[in-house]
Amino acid sequence: MVAYAQSGLCRWKLLLDYFGDTADFARCCTCDNCLSPPALAAPITLDELPPAPAQAPPPAPQIAVGSRVRVPRYQIGTVLSVAGDQVTIAFPENTTRTFMAEFVAPA
């Protein structure tokens, strides 16, 4: 995507080349790069770009069934269940609510 966005080459030709289709033209004469070519843009090929680094998601706090947790608006409660990124919590006033795990902190 970066090569496509920064390239001064014909956008149609770049897309066709990327998907392995042979184009028998150098410019389509309709895309933005053909109609208004960048002044000093050096052609960028997909091979010149380094691969994007893999980013691991930040570790989520460990929340176990039965543990006490804190939710900003509702204060402290006890975890009833954890399903993926959702945590169901029982609060002292006999209410049960489900939250996204990112909003729940260990108490």
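Source: prediction; values computed, not measured. (Residues numbered from 1 in each chain as written. Predicted model: local features only at pLDDT ≥ 70, side-chain atom pairs only at ≥ 80, totals over all residues. Heavy atoms only, no water.)

Asks: I'd like a description of the overall build of the protein, backed by residues and values.
Replies: Looking only at helices and strands, one finds three helices and five strands in the protein. Taking all 107 residues of the protein together, the buried fraction comes to 22%. For the protein, the proportion of contacts with a sequence separation of at least 24, taken over those separated by at least 6, is 28%. A total of about 8000 Å² of accessible surface is found on the protein, and carbon and sulfur atoms cover 60% of it. (Helix = DSSP H or I, 4+ residues; strand = E, 2+ residues; numbered from the N terminus. Buried < 20%, exposed > 50% of the residue type's maximum accessible area, 1.4 Å probe, protein only. Contact = heavy atoms within 4.5 Å. Areas by Shrake-Rupley, 256 points an atom, 1.4 Å probe, with all protein chains shown as cover.)

Asks: Mind laying out the pairing of strand S1 (residues 68–71), listing which residues take part and the relevant values?
Replies: Alternating residues of S1 divide into Val69 and Val71, all buried, and Arg68 and Arg70, none buried. Of the pairings in the sheet, the one linking S1 to strand S2 (residues 75–83) comprises four bridges and is antiparallel in character. Within S2, the residue paired with Val71 across the bridge is Gln75. Strand direction decides the pairing type here: S1 and strand S5 (residues 105–106), joined by two bridges, are antiparallel. (Pairing = 2+ DSSP bridges.)

Asks: Break down the side chain of Thr88 for me, with residues and values.
Replies: Mapping Thr88 onto the fold places it in strand S3 (residues 86–91). Exposure remark for Thr88: the relative accessible area of 17% places this residue in the buried category. The contact partners of Thr88, leaving out residues within four places of it in the chain, are Thr78, Val79, Leu80, Ser81, Thr96, Arg97 and Thr98.

Asks: Explain the environment of Tyr4 residue by residue, including any values.
Replies: Position of Tyr4 relative to the elements: it lies in helix H1 (residues 2–6). On the accessibility criterion, Tyr4 (28% relative accessible area) is partly exposed. For the pair formed by Tyr4 and Leu15, sequence separation is 11 residues and the distance between their alpha carbons is 8.1 Å. Setting aside chain neighbours within four positions, we find Tyr4 in contact with Arg11, Leu14 and Leu15.

Asks: Give me the lowdown on the pattern of salt bridges, citing residues and values where you can.
Replies: Per the stated rule, a full pass over the model turns up two salt bridges. Here Arg11 and Asp32 are joined by a salt bridge, their closest N and O atoms 2.7 Å apart. Here Asp32 lies in helix H3 (residues 32–35) and Arg11 lies in helix H2 (residues 11–18), a separation of 21 residues in the sequence. Taking the relative accessible area as the measure of exposure, Arg11 reaches 14% and is therefore buried. We classify Asp32 as partly exposed; its relative accessible area is 43%. (Salt bridge = Lys/Arg side-chain N within 4 Å of Asp/Glu carboxyl O.)

Asks: Residue-level account of the packing of aromatic side chains, with values.
Replies: One pass over the full model with this rule turns up four aromatic pairs. Plain terms: the ring middles of Tyr18 and Phe19 are 4.9 Å apart, the flat faces sit at 85° to each other, and that makes the pair edge-to-face. The two residues Tyr18 and Phe19 agree in class, both being exposed. Ring pairs connect the aromatic residues Tyr74, Phe91 and Phe99, which therefore count as one cluster. (Phe/Tyr/Trp six-rings, centres within 6.5 Å; stacked < 30°, edge-to-face > 60°.)

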